[in-house]
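# A structural walkthrough
Spelled out, the chains give:
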Amino acid sequence: AVVSTQSTGDRKGASKGRTGADLSSFFIDTTDTVEWLMGECGGEAEVLAELQISFLVFLLGHVYSAFDQWKQMVDTLCRARAALKTRPEFYKLFIRILHFHLKETPSDFFVDIVSRDNFLVSCLGEFFRTLCDEGEGLEESLVSRGTKFKGHLEKHFDWEFIDSEEDLPVVVELPA
């Protein structure tokens, strides 16, 4: 059965009772949501199956809500910083699956026609930044696969993953 991941975007209820720094961190790192999703779906393989089913339902059935679900899952998985350390095999498979999903779409497919913004460049940029920033604490084969994937995307789709200081999130420490 397909689990609706609509609730992955609704993180407000789970943020109650957190300090300012914890709250900032909670919205920057989606690991809590990924762990919740793993529990709801039944495990890592099931989450990846959910991702693939969402993509296929959109691609073959032209169901836009499935595309929204796929986008939300990709964004959530890309921003789960701590999960990269605890689930390296999962993320190596995630990279492989994204690679094949992107092979099935034209290079300009993910560009928002209104804002001219590519949501995948944004969320994958965050993913690649985490791989770079946390590189020493991550499994070497995951960092290597991520680096190769980034190079492939830059070459094949002509995407640029620029690290701009003003685009990075800021964790705010509030006085007690």
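Residues numbered from 1 in each chain as written. Predicted model: local features only at pLDDT ≥ 70, side-chain atom pairs only at ≥ 80, totals over all residues. Heavy atoms only, no water.

## Things to note about the confidence of the model for the protein
Summing up the model confidence of the protein, the mean pLDDT is 82 and the portion of residues at 70 or higher is 73%. Confidence, expressed as mean pLDDT per element, reaches its minimum in the protein at helix H1 (residues 20–28) with 66 and its maximum at helix H6 (residues 88–103) with 96. The model gives residues 5–9 a pLDDT under 50, and that stretch makes 13 contacts with residues more than four places away or in other chains. (pLDDT = per-residue confidence, 0-100. Helix = DSSP H or I, 4+ residues; strand = E, 2+ residues; numbered from the N terminus. Contact = heavy atoms within 4.5 Å.)

## Things to note about H6
Given a rise of 1.5 Å per residue, 16 residues ought to cover 22 Å, and the 23 Å separating the end C-alpha atoms of H6 matches this to within 8%. For H6, the complete set of buried residues consists of Pro88, Phe90, Tyr91, Lys92, Phe94, Ile95, Ile97, Leu98, His101 and Leu102. Residues of H6 that are buried sit in contact with helix H2 (31–41), helix H3 (44–61), helix H4 (64–78), helix H5 (83–86), helix H7 (119–133) and helix H8 (140–156). (Expected span 1.5 Å × (residues − 1). Buried < 20%, exposed > 50% of the residue type's maximum accessible area, 1.4 Å probe, protein only.)

## Some words on the side chain of Arg87
Relative to the elements of secondary structure, Arg87 occurs in the loop between H5 and H6. Of the polar contacts made by the side chain of Arg87, one reaches the side chain of Glu35; its length is 2.7 Å. Discounting chain neighbours no more than four positions away, the residues touching Arg87 are Glu35, Met38 and Glu44. (Polar contact = N/O pair within 3.5 Å; in protein donor to acceptor, adjacent residues only side chain to side chain.)

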